[in-house]
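Chain residues, written in single-letter form:
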2 protein chains.
Amino acid sequence: MKDARIGVALVHHPVRNRLGEVATTAITSMDVHDFARTCAFFDVAPVYLVHPAPAMHELVAEMLRYWMEGEGARRNPGRGKALAAIRMIPRLEDALCDAPWRLWFTSARPPVAETTPIEQLPQLPGPHLIVFGTGWGLAWEHLPRPAGWLSPIAGTGSVRALSVRAALAILLDRLRRNASQKGEVSDASAG
Amino acid sequence: MKDARIGVALVHHPVRNRLGEVATTAITSMDVHDFARTCAFFDVAPVYLVHPAPAMHELVAEMLRYWMEGEGARRNPGRGKALAAIRMIPRLEDALCDAPWRLWFTSARPPVAETTPIEQLPQLPGPHLIVFGTGWGLAWEHLPRPAGWLSPIAGTGSVRALSVRAALAILLDRLRRNASQKGEVSDASAG
């Protein structure tokens with residue numbers, strides 16, 4: 001059987017800052033919660049948080065302990081359940097130790113002409129890792145070469161890019177709706 | 001011509017707390033930014049923030065000044081542009097002074113059997129106001145009667161509800177994609 005797993009990565013380095021320079025962003029607790037919750041809702045795991053700084057890893061570990069074992073687990077058990085999918089790694093390459101992920105990069109303005117609609121992923125050999133950049137987007141020249149770039153989400157308004165939180169929600173909805181319309185949900189959620 | 005405007009409201013009172021009691025939540029800057037940005041991306045306006053406390057209105061007004069006129073406007077002009085759609089109102093009913101909005105309530109578990117897929121909104125007479133609840137959802141018995149409830153977003157995983165930020169992104173994507181497939185974008189974004 002083909003490996004239809006879908007995972008997600010949120011990259012904090014290397015990304016661009018507003019000047020286009022290669023930079024590192026801080027992990028925000030809102031991103032951690034929203035990524036964990038949206039992925040748990042759509043049965044997507046794991047959720048890699050990519051950050052080079054050990055202090056950031058410790059900060060997230062503390063947050064996970066609070067919600068998975070501490071006071072937070074009593075107050076709101078659902079949060080801890082969702083956060084169980086979080087994996088902290090220093091570099092995106094480290095995700096490849098877990099599984100032979102095929103990397104799919106995301107951007108509001110991909111640097112290539114040919115992009116892949118996310119609805120096609122279940123038809124392609126996996127496992128698939130959907131990669132998001134914080135800040136002003138992935139500094140892709142400093143990352144491993146991806147299997148491809150996902151087609152950007154088209155807007156109709158004056159703002160050119162969504163938050164990563166909104167982009168993740170829309171892409172996973174499109175992925176799962178398409179799969180369920182084809183009767184492939186159980187396949188796509190295996191593993 | 002039919003009034004095809006689409007607006008959004010985020011209600012902080014009356015909503016439910018985790019015990020099912022009627023409660024009031026605090027406005028978070030993350031919700032303000034994400035709601036403004038996602039709505040601007042999909043050309044949806046205005047974005048009503050419903051809160052009874054004048055102190056909360058002042059806090060948001062200060063935040064808007066920073067991003068629309070202050071230091072923030074220089075640092076990131078896009079944020080101010082998106083935030084221009086924000087309207088603070090004490091009660092949901094006050095939105096009806098602006099336009100004869102038809103209210104569409106959202107919930108992960110609507111209290112009615114018959115719900116309306118958001119894709120159908122452009123075919124119905126408007127203007128339409130999509131209403132989200134913070135906390136554990138809208139305390140609908142204390143709100144004006146809606147035109148209907150939108151069909152909930154179906155998940156495939158273990159978590160039963162998305163964040164309001166994720167739900168907003170998915171619903172507006174479904175709305176605009178459907179409209180663009182039918183060639184109705186210019187109509188739906190009029191006004």
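Anything mentioned here points back to the structure above.
The model shown is predicted, which means the values in this text are computed figures rather than measured ones.

Engineer: For this particular structure, what's the right way to read the overall build of chain A?
Structural biologist: Per the secondary structure count, chain A includes six helices and eight strands. Counting from the amino terminus, helix and strand elements in chain A follow one another as β-β-β-α-β-α-α-α-β-β-β-β-α-α. The C-alpha radius of gyration of chain A comes to 16 Å, within 12% of the 16 Å expected for a compact globule of 191 residues. C-alpha extents for chain A along the principal axes are approximately 45 × 45 × 35 Å.

Engineer: Could you clarify how one ought to interpret the environment of His 142 of chain B in this entry?
Structural biologist: All names here are of chain B. Inspection of the secondary structure puts His 142 in the loop between strand S7 (128-133) and strand S8 (148-149). When the 12 C-beta atoms within 10 Å are taken as the criterion, His 142 is described as exposed. Taking C-alpha positions, His 142 is 29 Å from Leu 64, a pair spaced 78 residues apart along the chain. Ignoring sequence-local partners within four residues, the contact set of His 142 consists of Pro 14 and Val 22.

Engineer: Teacher, can you tell me more about the pairing of strand S6 (residues 102-105) of chain A here?
Structural biologist: Walk down a regular strand and you will see the side chains alternate between the two sheet faces. All names here are of chain A. Pairing between S6 and strand S7 (residues 128-133): four bridges, direction parallel. The residue bridging Leu 103 from the neighbouring strand is Leu 129, located in S7. Bridging between S6 and strand S8 (residues 148-149) involves two bridges; their strand directions are parallel. For Trp 104, the partnering residue across the bridge sits in S8 and is Gly 148.

Engineer: Whenever I open this one, the relation of the copies chain A and chain B confuses me. Can you help?
Structural biologist: Each of the two chain copies goes to the other by way of a rotation about an axis and a shift along it. When chain A is fitted onto chain B, the two copies agree to an RMSD of 0.0 Å after a turn of 180° and an axial shift of 0.0 Å. The operation mapping one copy onto its partner corresponds to a two-fold rotation axis. Considering only C-alpha atoms, the part of chain A nearest the rotation axis is Ile 170 of chain A, at 2.5 Å. The fraction of interface residues of chain A whose copies in chain B are also interface residues reaches 100%, indicating that both copies meet through the same surface.

Engineer: Even after reading the chapter, I still don't get the sheet that holds S7 of chain A, so can you show me in this structure?
Structural biologist: Backbone hydrogen bonds are what pair the strands of a sheet, in a parallel or an antiparallel way. Residue and element names in this part refer to chain A. In space, the six strands of this open sheet follow the order S5-S4-S1-S7-S6-S8, with parallel pairing throughout. With one partner strand each, in any of the chains shown, strand S5 (86-89) and S8 form the two edges of the open sheet. Pairing geometry for strand S1 (residues 6-11) and S7, over six bridges, is parallel. Across the sheet, the residue bridging to Val 11 is Gly 133, located in S7.

Engineer: Just to check I follow, could you spell out helix H1 (residues 29-41) of chain A for this structure?
Structural biologist: Since the α-helix advances by 3.6 residues per turn, residues separated by three or four positions end up pointing in the same direction. Residues and elements named next belong to chain A. For H1, built from 13 residues, the straight-helix expectation of 18 Å at 1.5 Å per residue is met to within 8% by its first-to-last C-alpha distance of 18 Å. Among the 13 residues in H1, 10 count as buried, and that is most of the element. Where H1 is concerned, the buried positions are Asp 31, Val 32, Asp 34, Phe 35, Ala 36, Arg 37, Thr 38, Cys 39, Ala 40 and Phe 41. Within two residues after H1, Asp 43 carries a phi angle of roughly 60°, on the positive side.

Engineer: Teacher, can you tell me more about the environment of Asp 173 of chain A here?
Structural biologist: Note that Asp 173 of chain A resides in helix H5 (residues 164-181). Along the primary structure Asp 173 of chain A and Phe 132 of chain A are separated by 41 residues, whereas in three dimensions their C-alpha atoms are 16 Å apart.

Engineer: Which parts of the structure should I look at to understand the interface of chain A and chain B?
Structural biologist: When the parts of a complex come together, some accessible area is lost, and that lost area is often used as the size of the interface. If you look at the interface, chain A gives 27 residues, while chain B gives 27 residues. Mapped onto the side of chain A that touches chain B, the elements with two or more residues apiece are H1, helix H4 (77-83) and H5 of chain A. Broken down by class, the residue content of the side of chain A that touches chain B amounts to 12 nonpolar, eight polar and seven charged.

Engineer: It is not clear to me how the nonpolar core should be interpreted in this structure. Could you clarify?
Structural biologist: The tendency in soluble globular proteins is for nonpolar side chains to be buried as a group. Judged by nonpolar contacts, the single largest core of 108 residues is most densely connected at Ala 9 and Val 131 of chain A together with Ala 9 and Val 131 of chain B. Setting aside residues up to four positions removed in sequence, Val 131 of chain A forms contacts with Ala 9, Val 11, Leu 92, Leu 103, Trp 104, Phe 105, Thr 106 and Leu 138 of chain A.

Engineer: Quick question: what am I supposed to make of the sheet that holds strand S4 (residues 47-50) of chain B here?
Structural biologist: On the basis of which strands lie adjacent, the open sheet formed by six strands has the order S5-S4-S1-S7-S6-S8 (chain B) and parallel pairing. Sheet topology places strand S5 (86-89) and S8 of chain B at the edges, where each strand pairs with a single neighbour.

What counts as what
Residues numbered from 1 in each chain as written. Chains lettered and ligands numbered in written order. Predicted model: local features only at pLDDT ≥ 70, side-chain atom pairs only at ≥ 80, totals over all residues. Helix = DSSP H or I, 4+ residues; strand = E, 2+ residues; numbered from the N terminus. Rg over C-alpha atoms; globule rule 2.2 N^0.38 Å. Buried ≥ 20, exposed ≤ 12 C-beta atoms within 10 Å, placed from the backbone. Contact = placed C-beta atoms within 7 Å. Pairing = 2+ DSSP bridges. Least-squares fit on C-alpha atoms with pLDDT ≥ 70 in both. Expected span 1.5 Å × (residues − 1). Nonpolar A, V, L, I, M, F, W, Y, C, P; charged D, E, K, R; others polar. Core = buried A, V, L, I, M, F, W, Y, C linked by C-beta atoms within 7 Å.

So yeah, pure geometry; function would need other evidence.
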